[in-house]
Amino acid sequence: MFGRSVSLFKLFGFEIKVDISWLILAALVTWSLASGLFPEYYKHLPAASYWWMGATGAVGLFLSIIFHELSHSLMARRYGISMKGITLFIFGGVAEMEDDPPNSKAEFLTAIVGPLSSILIGIVLFLIKLWGEISGWPVTVTGVLSYLAWLNIVLAAFNLLPAFPLDGGRMLRSALWSWKKDLRWATNIAANVGSGLGLMLVIGGIVSIFMGNVIGGLWWFMIGLFVRSAAQRSYQQLLARNLFHPEKKMELNDFEKKDLRSEKS
Ligand SMILES: [Zn+2]
């Protein structure tokens, strides 16, 4: 899935890139909105309206993910974590950090700011939709606003799953890290939980497919595979970084000692 990515534009100095797989997602989202979701909720509109709504919904999804990832990047920058950029791929976005966060507090804040931003934008979109309904805006506009409001809440909820490297998993790792002062141990536990949750999604997806929910089941199956492999890969990456940069590990240990000292005093 991580194939060629194309650079789109720069925002606050961060390069926004889109993986080729995102174009497939954009087409799938437009199609399923235009032929499934919108006709079901808003009946008797011209076919062209559904396609406009679908395309606007896909663009809105794109902007929602950028907003979410940008909030991570801005918080990471505050803590001096260097960022490569933001890449959008089929399951959403990735704010690519070049390094591990300097401490557990930085990790926690960098992780939680994403879901919080999504919830915030979901509430704002919902209020705009209500205002639009009161002011008599066309249903094509309020319908898309309503979809995007929900989408951002779902985005926040999914990312809050305690499955490393999702945001919830990063929050779990930061809590374990601050408890035992051992980044490697914390990453191992959080990645195992992530890998286990991924496996549950895969099994749930297979069960759904056999129960007749083929499309929904396939999505859960693929998301589960993705979460599982991302969890395993991120633990391997941490081990490799410590192997290739032994001085980095020393810094970490020094930091941990300092952390312990400040706690005793
Ligand atoms: Zn996130």
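Residues numbered from 1 in each chain as written. Predicted model: local features only at pLDDT ≥ 70, side-chain atom pairs only at ≥ 80, totals over all residues. Heavy atoms only, no water.

## Remarks on the packing of aromatic side chains
Our working rule: The aromatic pairing rule takes the rings of Phe, Tyr and Trp, using the six-membered ring of Trp, and pairs them if the centres are within 6.5 Å, calling planes under 30 degrees apart stacked, those over 60 edge-to-face and the rest tilted. Comment: the charge-over-ring label is applied if NZ (Lys) or CZ (Arg) is within 6 Å of the ring centre and within 35 degrees of the ring normal.
On inspection of all chains with the given rule, the structure shows five aromatic pairs. An aromatic cluster of three or more residues is present, and its members are Phe 38, Tyr 41, Tyr 42 and Tyr 147. Over the face of the ring belonging to Tyr 79 we find Arg 78, whose NZ or CZ atom lies 5.8 Å from the ring centre. Positioned above the aromatic ring of Trp 185 is the side chain of Lys 180, whose terminal nitrogen or guanidinium carbon lies 4.9 Å from the ring centre.

## Brief notes about the packing of helix α5 (residues 167-180) against helix α6 (residues 183-210)
Let me state the cut-off plainly: Working convention: axes come from line fits to C-alpha atoms, limited for helices to the stretch in contact. Angles between N-to-C directions cover 0 to 180 degrees. Elements are defined by DSSP. Helices are runs of H or I of four residues or more, strands are runs of E of two residues or more, and each kind is numbered from the N terminus. Crossing chirality is assigned from the near helix's rotation relative to the far helix, an anticlockwise turn below a right angle marking it left-handed and a clockwise turn marking it right-handed. Residue contacts are counted whenever heavy atoms from the two residues lie within 4.5 Å of one another.
Remark: α5 packs on α6, axes separated minimally by 8 Å, with the N-to-C direction vectors making an angle of 145°. Crossing geometry of α5 relative to α6 is assigned as right-handed. Along its contact with α5, which presents Gly 169, Leu 172, Arg 173, Leu 176, Trp 177, Trp 179 and Lys 180, the element α6 presents Leu 183, Trp 185, Ala 186, Thr 187, Ile 189, Ala 190 and Val 193.

## Some details on the coordination of the zinc ion
Worth spelling out the cut-off: For Na, K and Ca the donor cutoff is 3.2 Å, while for all other metals N, O and S atoms count as donors only within 2.8 Å; water does not appear among the atoms, so some sites may look incomplete. Accessible area is worked out with a 1.4 Å probe on protein chains only. A residue is then buried under 20% of its type maximum, exposed over 50%, and partly exposed in between.
Donor atoms from the polypeptide that bind the zinc ion are His 68 (NE2), His 72 (NE2), Asp 167 (OD) and Asp 167 (OD), placed at 2.0 to 2.6 Å. Sequence spacing among the residues donating to the zinc ion works out to H-x3-H-x94-D. Of this pair, His 68 sits in helix α2 (residues 47-78) while Asp 167 sits in helix α5, and the two are 99 residues apart along the sequence. Judged by its relative accessible area of 1%, His 68 falls in the buried class.

## Quick word on a nonpolar patch on the surface
What counts here: Two joining distances apply to patches: 9 Å for like charges and 5 Å for nonpolar side chains (Val, Leu, Ile, Met, Phe, Trp, Tyr), and every residue must have over 30% relative accessible area and no salt bridge. Residue burial considers only the protein chains on display, and all accessible areas are found by Shrake-Rupley using a 1.4 Å probe. A side-chain nitrogen of Lys or Arg and a carboxyl oxygen of Asp or Glu constitute a salt bridge if their distance falls within 4 Å.
Judged by side-chain polarity, Ile 24, Leu 28, Trp 31, Trp 51, Val 214, Ile 215, Leu 218, Trp 219 and Met 222 come together as a nonpolar surface patch covering roughly 870 Å² of accessible area. No other element matches the five residues that helix α7 (residues 214-244) contributes to the nonpolar patch. With relative accessibility at 44%, the residue Trp 51 sits in the partly exposed group.

## Quick look at unusual backbone geometry
At the junction of Phe 164 and Pro 165, the peptide bond is cis and its omega measures out at 10° in the coordinates. Mapped onto the elements, Pro 165 comes out in the loop between α4 (139-159) and α5. One non-glycine residue, His 44, lies in positive phi territory at about 65°. Note on placement: His 44 falls in the loop between α1 (20-41) and α2. Look at His 44 and you get exposed, because its relative accessible area is 77%. Of note, Lys 181 is a non-glycine position whose phi angle comes to about 60°, a positive value. Its place among the elements puts Lys 181 in the loop between α5 and α6.

Remember that the coordinates give geometry; whether it matters functionally is a separate question.
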